[in-house]
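Chain and residue survey
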Amino acid sequence: MNQFKILITIGFAFFTLSTLAQTGKFTFGKSDSTIFRGFGVGFEYYSGHKELSKIFKFKRNPIDEYKIGKGFYVTYFNLNQKKKFHYYIDGGFVFWNMQRIDSVSTLNQRSEILQFTGRYRMGSFGLLGRLGGLMNHNTIVQDESLSEKKNNNIDLTIGLGLSIPIPLPKTKGLNLTILISRVNQHYTWSGTVFLPLIFH
């Protein structure tokens, strides 16, 4: 089921790109380019903890302590190198690891996500601010009775981070983004990579 949703997301991304290609020219970034805007397929890795100081701890027990997730989404980006302010808009899915919430219960969760990320350019680097929302689908399993309880809820995502340029040929304007965010009751660090088709 999860793989099916990922395929739908990727298919939607390429359908959108194909439609836009009828009216615009798609290229990878050139050395003389200053405007990079378009759509891409994104991947984001999340690792979090309820205490901010522990999100970078190396020795850990994920099912007991950490909220770890993998996000797949379509992103729209607008990176104009002549301006200081840039932005990304992401929509897609996050699949979280199973997490122990007390001595007898575990939580299995997946989410739909929509988020806006603003970028303030400082040379080729950038400071990031994020605001978004998640629709969570929760399944709580009671270990002793093997019973399940399902519910939905909405959470807010806020975060700060840094964008780092990718120093490879024909990648001017493309960045790796690293953020520290508050997702649900967890602080999380996340790294984002997306594969873009750029038009300008």
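Described in the following lines is the structure provided in the data block. (Residues numbered from 1 in each chain as written. Predicted model: local features only at pLDDT ≥ 70, side-chain atom pairs only at ≥ 80, totals over all residues. Heavy atoms only, no water.)

Some words on a nonpolar patch on the surface
The line we're drawing: Exposure above 30% relative accessible area and the lack of any salt bridge qualify a residue for a patch; like charges then connect within 9 Å, and the nonpolar side chains Val, Leu, Ile, Met, Phe, Trp and Tyr within 5 Å. Only the protein chains shown count as cover for residues, with accessible areas throughout obtained via the Shrake-Rupley method and a probe of 1.4 Å. For salt bridges, the criterion is a side-chain nitrogen of Lys or Arg within 4 Å of an Asp or Glu carboxyl oxygen. The helix and strand labels rest on DSSP assignments: H or I over at least four residues marks a helix, E over at least two residues marks a strand, and numbering proceeds from the N terminus. The buried label applies to any residue whose accessible area, calculated with a 1.4 Å probe on protein chains only, is under 20% of its type's maximum; exposed applies above 50%, and partly exposed to all values in between.
Judged by side-chain polarity, Y120, M122, F125, L127 and L162 come together as a nonpolar surface patch covering roughly 450 Å² of accessible area. Of all elements in the fold, only β6 (105–122) and β7 (125–142) reach the threshold of two or more residues within the nonpolar patch. Tracing the backbone through its elements, the reader meets L127 in strand β7. Among the residues examined, L127 registers a relative accessible area of 44% and is labelled partly exposed.

Some details on the side chain of H186
Stated precisely, the cut-off is as follows: Counted as a polar contact is a pair of N or O atoms within 3.5 Å, where, for protein atoms, one must be capable of donating a hydrogen and the other of accepting one, and residues adjacent in sequence contribute only when both atoms are in side chains.
Relative to the elements of secondary structure, H186 occurs in strand β10 (residues 186–199). Among the polar contacts listed, one links the side chain of H186 to the side chain of Q99, at a separation of 3.1 Å.

Some remarks on the packing of aromatic side chains
Selection criterion: Classification of ring pairs uses Phe, Tyr and Trp, with its six-membered ring standing for Trp, and accepts pairs whose centres are within 6.5 Å; under 30 degrees between planes counts as stacked, over 60 as edge-to-face, and the remaining range as tilted. In this analysis the charged atom, NZ for Lys or CZ for Arg, is taken to sit over a ring once it is within 6 Å of the ring centre and within 35 degrees of the ring normal.
Scanning all chains against the criterion turns up 8 aromatic pairs. Ring geometry for Y46 and W96: centres 5.3 Å apart, planes at 50°, overall tilted. With Y46 in strand β2 (residues 35–49) and W96 in strand β4 (residues 85–96), the pair connects residues that are 50 residues apart, well separated along the chain. The class for W96 is buried, based on a relative accessible area of 7%. Between F56 and W189, the aromatic rings sit 6.4 Å apart at their centres with planes inclined by 10°, giving stacked as the arrangement. In this pair, F56 is assigned in the loop between β2 and α2 (62–65) and W189 in strand β10, connecting sequence segments 133 residues apart. Classification of W189 by relative accessible area gives partly exposed; the value is 25%. Following the ring pairs from residue to residue traces out a cluster consisting of F43, F72, F93 and F95. It is K67 that lies over the ring of W96; its NZ or CZ is 4.7 Å from the centre.

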